Amino acid sequence: MSNPSKPVPRAGASGPLDVRIDSKVYRAADGTRLTAIDALAFTAAAGSFTALIGPSGSGKTTTLRIILGLDADYAGHVVLPRPDARVAAVFQEPRLLPWRSVEENVRLALPPDRIGAELGPLFDTLGLADHRTRYPGELSLGLARRAALARAFAVEPDVLLLDEPFVSLDEMTAGRLRVLLAEVWAARPTTALMVTHNLREAVELADRILFLTERPARLRGSVELATPRSGRDAAWREARLREIDAAFPGIL
Amino acid sequence: MPLVMPRSRQQRHGSSAPLTLLSLAALVLVWWAAAAIAHSRVLPPPSAVLEVALADLRSGELPFHLAMTLMRVGLAFAVAMTVGSAAGIALGLNRTADRIFDPWLILFLNVPALVIVVLAYIWFGLNEAAAIGAIAVNKIPNVIVTLREGARALDPALSEMARVYRFGRMKMLRHVVLPQLQPYVAAASRSGLALLWKIALVVELLGRSNGVGFQINLYFQLFDVAGILAYTLAFVGIMLLIEFLLVQPLEARATRWRLRPA
Ligand SMILES: Nc1ncnc2c1ncn2[C@@H]1O[C@H](COP(=O)(O)OP(=O)(O)OP(=O)(O)O)[C@@H](O)[C@H]1O
Ligand SMILES: [Mg+2]
């Protein structure tokens, strides 16, 4: 198994992902203001996997949308690893085009230099090989999530953002998908930021976990997980979970 | 790839076809009986109508006038769908433009077809362009309203996905926007064809020297009901053929992703 803590260097120097949101205020139609994010700053090293954990409504999706460039109405800055960095996202819902097959959905997302790319190994890894020609409406949620993952990895992004990618799946399916995610990510490590409510998930996948406060979001603290993923057995995970629960009560 | 329809749909189509035929046969029968009882020149039996239709078919007159009307309907349809879709999508996506032009739209929706036709002939002359333009203008507000509704209903989640993956304009239009608008385009074209040919007849009656409308006016002056019915039914038949052979298969193709059972 490859060692995920030693990322394969990418062509074209890649820096860290630098995020600093001094404030994000939503204005409702009736004029009321809602401060979603107060002060949130972090950097993610190139090729590292960061998990973002926070209470519901604390501004996690908002943070990802700002990094994705979908929301420019905030104070602060986002510096991507390189000026024209390629960003991919796995949204909270799969967001596939229902009128295009799984393969078409993935291919449509490919940037010009990857058109016609060989996708066989990726589909194989994710167990989608038999579903390439099917429409999203014919897929279970678990399969649709995999297709969304395939799309994100197929573009070979510099930054990968995942917004609770395994939410509302049964624990077994979610567990299998986590293993798949770890696998495709290890094959080509990319700077990843994953929002999750699931501390176990974070302990399994991440190099670092960031904890957010209640809304308006601030950084509550962070935990480094230096052990390579291959060395994270059940005992190790339980020990980390207990440590984290002691340091940040109420999350587990 | 064969088209697999969900069972409910198949059943609906399968069982309704004989019933439709039966119902139409009953209508012809009622007509025949009424004509026999009335025994009048103004209510000819189906056989008399068929006779006129066959005679005009042999002389080539019927196909010629049908073709002229069909040509006008076809061109007006293309113009109305293109202009109406573009304007409708623009208004659906741009709230300011929508607020500015909404009153115009309401106004045009309420101008009677006859007024538009008459004004078109007065302003642009008794020519083909004015005729086709007048037919199209009658339909455009309708298309705008339908497509505006469709553009408003576009899923922002998919647009965001497309932005993240940097879809270009054409890719966005072809793979994200148009498939979502397809049901609205289908609705607009359906109601469009039905409306267009009725207006086309008025246009021909008022200012053209050929077409189904012109012929009906001619037969009206002769008080020849068989002729009127022959031309009307022939054209209705053609519109039904277009619906069954063109519109429905196209629609089935466009929605095949939805019809396949999970
Ligand atoms: N478009 C919007 N307009 C107004 N308020 C919004 C908007 N989007 C989000 N909010 C509010 O901002 C806050 C943060 O929302 P966000 O979606 O970022 O939370 P989250 O951490 O992703 O929550 P969850 O874990 O439930 O997904 C919430 O209180 C939400 O109601
Ligand atoms: Mg969220």
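Residues numbered from 1 in each chain as written. Chains lettered and ligands numbered in written order. Predicted model: local features only at pLDDT ≥ 70, side-chain atom pairs only at ≥ 80, totals over all residues. Heavy atoms only, no water.

Colleague: It is not clear to me how the domain arrangement of chain A should be interpreted in this structure. Could you clarify?
Modeller: When the parts come together, some accessible area is lost, and that loss is often what is quoted as the size of the interface. All names here are of chain A. Domain parsing of chain A yields domain 1 (1-85 + 158-170 + 179-252) and domain 2 (94-156). When each unit is reduced to the centre of its C-alpha atoms, the spacing between domain 1 and domain 2 is 24 Å. Contacts between the two partners involve 15 residues from domain 1 and, on the opposite side, 11 residues from domain 2. Both sides of the domain 1 and domain 2 interface together cover about 1100 Å² of buried area, and 72% of this is carbon and sulfur. Contact with domain 2 buries area across many residues of domain 1, yet Leu-180, Val-184 and Arg-188 alone supply 42% of it, more than any other trio. At the junction of domain 1 with domain 2, the criterion picks out 3 residue pairs in polar contact (both at pLDDT 80 or more). Listing elements by their share of the side of domain 1 that touches domain 2, those giving two or more residues are β6 (159-163) and α5 (171-187). Here the element with the most residues in the side of domain 1 that touches domain 2 is α5; it accounts for 5 residues. In terms of residue class, the side of domain 1 that touches domain 2 is made up of 10 nonpolar, 1 polar and 4 charged. (Domains from an automatic or database assignment. Contact = heavy atoms within 4.5 Å. Buried area = accessible area lost by both parts, 1.4 Å probe. Polar contact = N/O pair within 3.5 Å; in protein donor to acceptor, adjacent residues only side chain to side chain. Helix = DSSP H or I, 4+ residues; strand = E, 2+ residues; numbered from the N terminus. Nonpolar A, V, L, I, M, F, W, Y, C, P; charged D, E, K, R; others polar.)

Colleague: Looking at this structure, I do not really get the interface of chain B and chain A. What am I missing?
Modeller: Of the residues lining the interface, 20 residues belong to chain B; the matching set on chain A comes to 28 residues. Counting each side, the surface lost to burial between chain B and chain A is near 2100 Å², with a carbon and sulfur contribution of 58%. Of all residues in chain B, the largest losses of buried area upon contact with chain A belong to Val-164, Tyr-165 and Trp-257 of chain B, amounting jointly to 31% of the total for that side. At the boundary of chain B and chain A, one finds 3 salt bridges. With a closest N to O distance of 2.9 Å, Glu-160 of chain B and Arg-95 of chain A form a salt bridge. Viewed at the interface, chain A and chain B are joined by 10 residue pairs in polar contact (both at pLDDT 80 or more). Of the residues assigned to the side of chain B that touches chain A, the class counts are 11 nonpolar, 2 polar and 7 charged. (Salt bridge = Lys/Arg side-chain N within 4 Å of Asp/Glu carboxyl O.)

Colleague: Sorry, what's going on with the environment of Thr-196 of chain A here?
Modeller: Residues and elements named next belong to chain A. Looking at the secondary structure, you find Thr-196 in strand β7 (residues 191-196). Taking the C-alpha atoms as reference, Thr-196 lies 16 Å from Arg-215; in sequence the two are 19 residues apart. For Thr-196, the side chain forms a polar contact with the main-chain nitrogen of Asn-198, separated by 2.8 Å.

Colleague: Is there a simple way to think about the packing of helix α5 (residues 113-124) of chain B against helix α6 (residues 128-152) of chain B in this case?
Modeller: What describes two packed helices is the angle between their axes and the distance between those same axes. Residue and element names in this part refer to chain B. Across the interface, α5 lies against α6 with an axial gap of 9 Å and an inter-helix angle of 150 degrees. As summarised for this structure, α5 and α6 are arranged roughly antiparallel, according to the angle between their axes. The handedness of the crossing between α5 and α6 is right-handed. The residues of α6 that touch α5, namely those facing Ala-113, Ile-116, Val-117, Ala-120, Tyr-121 and Phe-124, are Ala-130, Ala-131, Ala-134, Val-137 and Asn-138. When its residues are assigned to classes, the contact of α5 with α6 shows 10 nonpolar, 1 polar and no charged. (Axes fitted to C-alpha atoms, helices over the stretch in contact; angles between N-to-C directions. Parallel < 35°, antiparallel > 145°, perpendicular 65-115°, else oblique. Left-handed = near helix turned anticlockwise from the far one by under 90°.)

Colleague: Quick question: what am I supposed to make of the site of ligand 1 here?
Modeller: Residues and elements named next belong to chain A. In the vicinity of ligand 1 there are 15 residues, among which Ser-56, Lys-60, Thr-61, Thr-62 and Arg-215 approach most closely. Note that an oxygen atom of ligand 1 is positioned 3.2 Å from one of the backbone N or O atoms of Ser-58. Between Thr-62 and ligand 1, the recorded distance is 2.5 Å, taken from a side-chain N or O atom to an oxygen atom. Protein contact buries 65% of the 630 Å² of open area that ligand 1 shows by itself. Sorting the residues of the shell around ligand 1 by element identifies β2 (33-44) and α1 (60-67) as the ones contributing at least two each. The leading source of residues in the shell around ligand 1 is α1, at 3 residues. (Near = heavy atom within 4 Å. Areas by Shrake-Rupley, 256 points an atom, 1.4 Å probe, with all protein chains shown as cover.)

Colleague: Where do I start with helix α7 (residues 234-247) of chain A in this structure?
Modeller: One turn of an α-helix holds 3.6 residues; hence residues three or four places apart share an orientation. Residues and elements named next belong to chain A. With 14 residues, α7 extends 20 Å between its outermost C-alpha atoms, agreeing within 8% with the 20 Å of an ideal straight helix rising 1.5 Å per residue. Of the residues making up α7, those classed as buried are Trp-236, Arg-240, Leu-241 and Ile-244. End-on view of α7: buried residues confined to an arc of 135 degrees, all on one side of the axis. Turned more than 90 degrees from where α7 packs its buried face, Ala-235, Arg-242 and Ala-246 sit exposed. Check the buried side of α7 and you find it contacts α6 (199-205), β8 (208-212) and β9 (217-224). (Expected span 1.5 Å × (residues − 1). Buried < 20%, exposed > 50% of the residue type's maximum accessible area, 1.4 Å probe, protein only. Arc of directions from axis to C-beta.)

Colleague: What is the right way to read the nonpolar core from this model?
Modeller: Inside soluble globular proteins, nonpolar side chains tend to come together where they are buried. Membership of the largest hydrophobic core comes to 88 residues, with the highest contact counts inside it found for Phe-49, Leu-181, Leu-199, Ile-209 and Phe-211 of chain A together with Tyr-165 of chain B. Here this core gets 9 residues from one element, more than from any other, and that element is helix α4 (residues 141-154) of chain A. Apart from residues lying up to four places away in sequence, Phe-49 of chain A is in contact with Leu-162, Leu-181, Trp-185, Ala-192, Met-194, Leu-205, Ala-206, Asp-207, Arg-208 and Arg-229 of chain A. With 33 residues, the next largest nonpolar core counts Ala-80, Tyr-121, Leu-201 and Ile-216 of chain B among its residues. (Core = buried A, V, L, I, M, F, W, Y, C linked by side-chain atoms within 4.5 Å.)

Colleague: Mind showing me how you'd approach the packing of aromatic side chains here?
Modeller: Where two aromatic rings form a pair, the distance of their centres and the angle of their planes describe that pair. Residue and element names in this part refer to chain B. Counted by the stated rule, this structure contains 6 aromatic pairs over all chains. Judged by centre distance (5.0 Å) and plane angle (85 degrees), the ring pair of Phe-101 and Trp-104 falls under edge-to-face. With Phe-101 and Trp-104 both in helix α4 (residues 95-110), this residue pair falls 3 residues apart, about one helical turn. An angle of 25 degrees between the planes, with centres 6.3 Å apart, marks the rings of Phe-220 and Phe-223 as stacked. (Phe/Tyr/Trp six-rings, centres within 6.5 Å; stacked < 30°, edge-to-face > 60°.)

Colleague: Got a minute to help me understand the layout of surface pockets in this structure?
Modeller: In this approach, a probe sized like a water molecule rolls over the atoms, and the result shows the empty space that is left. All names here are of chain B. When its volume is computed, the largest pocket comes out at roughly 960 Å³. As for the largest pocket, its lining consists of 33 residues, and the residues nearest its centre are Gln-182, Leu-250, Glu-251, Arg-253 and Ala-254. The set of elements that each furnish at least two residues to the lining of the largest pocket consists of α3 (61-93), α8 (169-207), α10 (225-254) and α11 (256-259). For the lining of the largest pocket, the element with the most residues is α8, which contributes 9 residues. (1 Å grid on protein atoms, 1.4 Å probe; cavity = no way out; pocket = protein on both sides within 12 Å on 5 of 7 lines; lining within 4 Å. Points joined across faces, edges and corners; volume = space filled by probe spheres on them.)

Colleague: Which parts of the structure should I look at to understand the environment of Lys-171 of chain B?
Modeller: Locating Lys-171 of chain B in the fold gives a position in helix α8. Residues Lys-171 of chain B and Glu-61 of chain B, 110 residues apart in the sequence, show an inter-C-alpha distance of 47 Å. If near-sequence neighbours (up to four positions away) are discounted, Lys-171 of chain B is found in contact with Leu-108 and Leu-110 of chain A together with Val-176 of chain B.

Colleague: I tried to follow the domain arrangement of chain B on my own but got confused; where do I start?
Modeller: Residues and elements named next belong to chain B. Domain annotation for chain B reports domain 1 (1-39) and domain 2 (41-258). The partner domain 2 presents 10 residues to the 7 residues of domain 1 that form the contact. Surface buried jointly by domain 1 and domain 2 totals about 700 Å² across both partners, of which 83% is contributed by carbon and sulfur atoms. The interface formed by domain 1 and domain 2 holds 0 salt bridges in total. Linking domain 1 with domain 2 are 1 residue pair in polar contact (both at pLDDT 80 or more). Class assignment for the residues of the side of domain 1 that touches domain 2 results in 7 nonpolar, no polar and no charged.

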